[in-house]
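Understanding the architecture of this molecule
Each chain, letter by letter, is given below.
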Amino acid sequence: MPEIYLDDSPLDIDDKENDSTVGDLIDGVEKELNPMRRFVNELSIDGDKLANWRTGKTPGIRLASLHEIRLTTASVDEMMLRGVATVQEFLSHIADNTARTVKNIRAGTGDVLTAVSGVINDLNEVVKTIDSLVKGTASYPADLFKENPANYYKGILDHMKALKDAHAEGDTVLIADILEYELKPYIEDMCNKIFHSDRT
């Protein structure tokens, strides 16, 4: 049986049959943590800090085959608020990048296509982060948004497709129009409707 630590404190686990797995351990720990709105967010095995440990072979590793396991927990609420802040940062960056790109297009300066790629990547990150937050609130209810941001997925994806199409055609005039007259007001409306005013 390995030495097991939870936030650097020793943890005793009953594994008389020597058949428990890492996945069993984490499931059991998170059931205990759930009322405290905490979860396991880092896992180290035999001195190695693992990435993507919730998938693949890691959950099936038998505890009896290991020497040391360290679990680090985090506050669900802190992580969620950090996620909201990340969405706000991306949207702010998109607004700045959009205004700069439109200005450059109208002036015929700057690397427009690279800037548009940046806007598309930022929009993609917004969708992924919001999706994670919405899924998180299914397990840990939280008042993160005034309105469900998932309602804006289709609009964001539609604008991403329009930008990609215009980008592929090299149509900078159309890109500027989409950014200035469609995406910019859409993002502004989204921000006004989903974020609590006391957290912006």
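Residues numbered from 1 in each chain as written. Predicted model: local features only at pLDDT ≥ 70, side-chain atom pairs only at ≥ 80, totals over all residues. Heavy atoms only, no water.

Quick look at the nonpolar core now. By size, the foremost hydrophobic cluster in this structure holds 37 residues, and its most contacted members are Leu-91, Leu-123, Val-126, Leu-163, Leu-183 and Met-190. Mapped by element, the contributors of at least two residues to this core are helix H2 (76-107), helix H3 (112-139), helix H4 (153-169) and helix H5 (172-194). For this core, the leading source of residues is H3, giving 9 residues. Those residues in contact with Leu-163, other than ones at most four positions away along the chain, are Val-116, Val-119, Ile-120, Leu-123, Ile-175, Ile-178, Leu-179 and Leu-183. Counting residues in hydrophobic clusters, the runner-up holds 15 residues, among them Ile-26, Val-40, Ile-45 and Trp-53. (Core = buried A, V, L, I, M, F, W, Y, C linked by side-chain atoms within 4.5 Å. Buried < 20%, exposed > 50% of the residue type's maximum accessible area, 1.4 Å probe, protein only. Helix = DSSP H or I, 4+ residues; strand = E, 2+ residues; numbered from the N terminus. Contact = heavy atoms within 4.5 Å.)

Our next topic: the layout of surface pockets. Looking at the largest pocket, its volume works out to about 420 Å³. What lines the largest pocket is a set of 14 residues, among which Phe-39, Met-79, Met-80, Ser-132 and Leu-133 lie closest to the centre. Counting only elements with at least two residues in the lining of the largest pocket, the list comes to H2 and H3. Tallied by class, residues from the lining of the largest pocket come to 6 nonpolar, 6 polar and 2 charged. (1 Å grid on protein atoms, 1.4 Å probe; cavity = no way out; pocket = protein on both sides within 12 Å on 5 of 7 lines; lining within 4 Å. Points joined across faces, edges and corners; volume = space filled by probe spheres on them. Nonpolar A, V, L, I, M, F, W, Y, C, P; charged D, E, K, R; others polar.)

Another point: the side chain of Thr-21. Topologically, Thr-21 is positioned in the loop between strand S2 (9-10) and helix H1 (22-33). In this view, Thr-21 contacts Pro-59, Gly-60, Ile-61, Arg-62 and Leu-63; residues no more than four positions away in its chain are not counted.

On to the packing of aromatic side chains. Under the counting rule described, the total for this entry stands at 2 aromatic pairs. Pairing Phe-145 with Phe-195 gives two aromatic rings, centres 6.2 Å apart and planes at 45 degrees, and the pair type is tilted. With Phe-145 in the loop between H3 and H4 and Phe-195 in the segment after H5, this residue pair connects regions lying 50 residues apart in the sequence. No difference in accessibility class separates Phe-145 from Phe-195, as the two residues are buried. Centre to centre, the rings of Tyr-152 and Tyr-186 are 5.7 Å apart; their planes meet at 70 degrees, and the pair counts as edge-to-face. (Phe/Tyr/Trp six-rings, centres within 6.5 Å; stacked < 30°, edge-to-face > 60°.)

Take unusual backbone geometry next. Even without glycine at this site, Asp-8 takes up a positive phi of about 75 degrees. Checked against the element boundaries, Asp-8 lands in the loop between strand S1 (3-6) and S2. Judged by its relative accessible area of 62%, Asp-8 is exposed. The residue Arg-37 is not glycine, and still its phi comes out positive at about 55 degrees. Positionally, Arg-37 belongs in the loop between H1 and strand S3 (38-45). Given a relative accessible area of 23%, Arg-37 falls into the partly exposed group.

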